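Fold and contact review
Residues per chain, in single letters:
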Amino acid sequence: MSDVIITTDDLLDYLKIPDFDSRQNQEVNILKITQQATFTEEFKEFTTFQNTYDEVSIPQTIYMDADNVGYIIHRFSDEDIYYKLISYQKDERVFSGASFSSPLVELFIPDEIYNGGYQFYINKEYQLVASVEAVTISNTKNYISYSPQTFSYLKQYPSLSYTYQNVYGASVAENIQITSYDKKGPVHRFPILSRTGLGAYTYRLSYYYKENSAEIRNIRVAEQDGSFIGFSILLKDITSVLSILNNTIFWFYNEYNDYRSSWRNRFLNTLTSYVVEPLNASGNNKQKVCIIYHLPQPMYFAFDRIESLWVLLHKLAKGYVRNNLSINEEDLILKVLRILYHRKIHRRSAFLIHGTERFEEVTQANIKSNNEFIANLITRKVDNTLLLYKLITGLDGQQFRAYINFIWNIWKHSSYSVIDPQQNEKIKITEKSPVLLDYRSNKTLGFYTDNASIVWEGVEPDITISVKTKTDTKEETETFNIGDFEKPLLLIEVPKKEAYDIYTYHYHPFSPILIQNSENPKFLLKDNDDQNIFVTKLPAFVLFANQETAFWQNIMTSLEYGIDIITTVSGFGNIIKAGRIFNLLKGSKTLFYRTAQATKVIGAVKATVGIIEVSSGTVNALLKLTGTNDTKLGKSISKYLFYLEMLALAGEITAAIRDGLQKSAKELLEQRKELARKLDEAIANSKNSPFPFTVQDKRRLFREIEKVNGVELGASLKEYVKFRPKFLFSVAETTRLWRAKSLVKITEVELVDVFTKRLDDFPGLVKGHNQAEFNIKFLDNGKPFDEVGEFSFSGSRKDIFERFGNPPKLPENTIDIFEDYDGFTKFVTGVFDFGGRPRKFDSEIKFIYNFLRNHINKADEFVIETKNIFATCSSCSREFVMLEEYMKSIGKKVKFIVKTDEDVSGMTSLMRNYPELKPIKKKFEKIYRKNKKNK
């Protein structure tokens, strides 16, 4: 972390509690023992405390004088009472009552201190304290060594952009405001949350000075508290507050019982007061789900209305559960389940610390509470199926595994898991649901097979399991081909004839099953607690879930082998079981994309790790061409749709799916002309349709396929950087190619307009920046269909922050280089003029970066018109020439129209050639200086 905070990351590092366990720079939590018996809490630096205090043994009742020096009774006779000094070194002197100018005060040390694990210490000044050795506290965990110098940059530029992912899967960028004060000293790392009443900013996190802890009389920040606060953070939304705290406080203190100290407890109370109301409000409102998504575990207790959580869970589980498009349903579902269970098995218990009531969470997990929780999963229904089943079939990837293990672990400590039929009161265990099941599975060449057929419709709590026991095998074998569209790829030899006995059983989803685990089964879903044991004990629903997992694992494995579509099921165990999956994938020539349901599923996909959203319009466009499946183009379309379907159903992107998807997208782009021709036919044929396919749909389709082929956003940037060294033209060659473009002399009116039009709102633009306006026209077959206007100006990051704030407030449509500043700096690393000087921050360079990042995939033809107040420099003209060459190499066209005055090389020549701009420049320089001074 920098000594001076400049960015939001710097601020979070500054606030974050480090993982610090050594005793260096630690502080000891002590209680001062005085006549007043207040037992005031303080913190002493550990090494200092160790060197200046010595342990003493004292009775529970002691006596103290007006200077808070302690004594114990020392009797010489029944008539005379004397007092012995409690001292740092053994002092054997005794004193009569008459020795004291004022009577000693009898002090009884409360049980919670005397018998609460405290030791007693004294220093040379006779100061007596109590301390708990086990609770030595690092000041890096509870305090920040605050210095105004650290906030010197934020004093000048107090606004920062804080970005985080919200419950809707979107990146939220909120401007936060920092206020800081000039007094140096340690502050509490735990802020106090309050409302601001300051317009757009609703919440304030206030970091109080440690020395003023006793001055804070209530938990709400008042105006008179200002002198007690080192610095504050102003925020607009409670979810932004929680997000920042999750990154700084709650990652370390993640249990309710961590908040034992008075200040930590105060922090939790203030936060709770602003979270509890929207949490316990009825209905599934937007704020409620946002708070749940960011809610840390120590605040789970804030829910009072448990039934409203079950209602919310029902709503989240309806329809097609996914973590894309609308809301992160899978993550929310798991969070709600954990909160529900936490509230079921935890209770808050009151206790006293130094006479003040505190609370701790007491775990009361027992068989009864576990029974009640999991019973909800088989009595509640969503979409007419049991909630347990709906979530098994709805959740995917890591959320699926987390859900199964979560319920499995609760089941282990419930009555449902009892394997004795006489003692299991929840489930009937009969010969139709035996505990010991002859289930076997194996893994060969990466494929899972088993001897069972498991059927559960999810409407009733009844899982049918049929197991096959082999009785006879003939040695004769038969060979099967598994291949892609063109040729056989993998030869599998399997037994041709086998005889089996089949046994069919019926299980409740929570019925206990024991499976021998000597050689088999090879489970994909592991029991996290009981590994490497002779038997696996599981509820029946886990066996059903395991079958689902095995299927998808087999699909992934087949893709790793390079199989595009599996063409056989016969004779090879259960790579694909007969039923819903077999019908899905049974033949390379029989497409399964025609149904509305499949279209909806594919349309929900975000391909290539969530960056690219494949729209239903794209899918529909390709579905219109499925009649071409016997052609090369048709096969390529089939492959592309297949991988989208796999991604949609698997719920996660593997290397195999990513590579297959990218390869199939590349095949489509290699047939761009034929695909475009077919799509033009579809446009013409659908004009009278209530849902016509349009030119816009065609452009979107190509843009999405190009992005999928590029694997990641910004692929064109990387390609261009690699391309740049091939075209480092000489001065003469660059000049020749640049002169061949449409260079137009800018009119005086146009130049003055560019220079002045933004100065009223942004006077910092007078400080020597080149300003340029860009207009991009997107063409299809030579006809414009869209255009974008953008603004850019020169200047480094430091210049921009200094003149426009941090985060900078910039003119409308200004090109943003700060969204991925690291990516921008990598892109401009090789940009030099012909004198070898770096030209990283020119307005034209920023435009080229932005064009490659955001626009190049929107069309195949472009017209780019630019107006500049300064002439295009040599490095920029060379970059424009190289951009044109690069676009030619990928089959795209661009025409440049550059309006500039080539006699204007900078601000000096601009003022000389256009003297009417001098008073304007002078006026706004004065405004700029005044604004800066007033900040």
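Let me sum up the structure you'll find in this document. Not measured: the values here are computed from a predicted model.

Reading the values: rules and limits
Residues numbered from 1 in each chain as written. Predicted model: local features only at pLDDT ≥ 70, side-chain atom pairs only at ≥ 80, totals over all residues. Heavy atoms only, no water. Helix = DSSP H or I, 4+ residues; strand = E, 2+ residues; numbered from the N terminus. Buried < 20%, exposed > 50% of the residue type's maximum accessible area, 1.4 Å probe, protein only. Contact = heavy atoms within 4.5 Å. Areas by Shrake-Rupley, 256 points an atom, 1.4 Å probe, with all protein chains shown as cover. Salt bridge = Lys/Arg side-chain N within 4 Å of Asp/Glu carboxyl O. Pairing = 2+ DSSP bridges. Axes fitted to C-alpha atoms, helices over the stretch in contact; angles between N-to-C directions.

When helices and strands are tallied, the protein chain shows 30 helices and 37 strands. Burial analysis of the protein chain (935 residues in total) assigns 51% to the buried set. In the protein chain, once contacts between residues fewer than 6 apart in sequence are set aside, the share between residues at least 24 apart is 69%. With the model as given, the accessible surface of the protein chain reaches about 44300 Å², and the carbon-plus-sulfur share is 48%.

What follows concerns the pattern of salt bridges. In the structure shown here, the tally under the stated rule is 17 salt bridges. The salt bridge involving Arg 440 is made with Asp 438; its shortest N-O contact spans 3.0 Å. When its relative accessible area of 44% is taken as the criterion, Arg 440 is described as partly exposed. Accessibility expressed as a relative area gives 31% for Asp 438, which makes it partly exposed. A salt bridge links Lys 757 to Glu 773, with the shortest nitrogen-to-oxygen separation between them at 3.3 Å. With Lys 757 in the loop between α24 (748-756) and β34 (771-780) and Glu 773 in strand β34, this pair connects stretches of sequence that are 16 residues apart. Here the residues in one salt-bridge network are Glu 750, Glu 865, Lys 867 and Lys 899, joined through shared partners.

Turning our attention to the sheet that holds strand β5 (residues 70-75). As summarised here, the arrangement of the 5 strands in space is β7-β6-β5-β4-β8, forming an open sheet in which the pairing is antiparallel. Taken across any chain shown, the strands that pair with only one partner, and hence form the sheet edges, are β7 (94-96) and β8 (105-108). Here the average twist between neighbouring strands, direction ignored, is 45°. Pairing geometry for strand β4 (residues 61-64) and β5, over 2 bridges, is antiparallel. Bridged to Tyr 63 within β5 is Tyr 71.

Overall, antiparallel pairing links the 5 strands, which are arranged β12-β13-β17-β16-β15 in an open sheet. Strands at the two margins of the open sheet, each flanked by one partner only, are β12 (159-165) and β15 (192-198). Strand-to-strand twist across the sheet, computed as the mean angle between neighbouring axes with direction ignored, equals 30°. Relative to strand β17 (residues 229-235), strand β16 (residues 201-208) runs antiparallel, the two being bridged by 6 bridges. Directly across from Ser 206, in β17, lies its bridge partner Ser 232. Relative to the sheet, helix α6 (residues 238-248) contacts β12, β13 (171-180), β15, β16 and β17, its axis offset from that of β12 by approximately 85°. Seen against the sheet, helix α7 (residues 262-280) touches β15 and β16 and runs at an angle of roughly 45° to β15.

The subject of this paragraph is unusual backbone geometry. With phi around 65°, Asn 384 is a residue other than glycine that occupies positive phi space. Its location among the elements puts Asn 384 in the loop between β20 (381-382) and β21 (385-386). Of the residues examined, Asn 384 reaches a relative accessible area of 54% and is grouped as exposed. You will see that Asn 813, though not glycine, has its phi angle at about 65°, which is positive. Checked against the element boundaries, Asn 813 lands in the loop between α25 (797-804) and α26 (821-827). Classification of Asn 813 as partly exposed rests on a relative accessible area of 48%.

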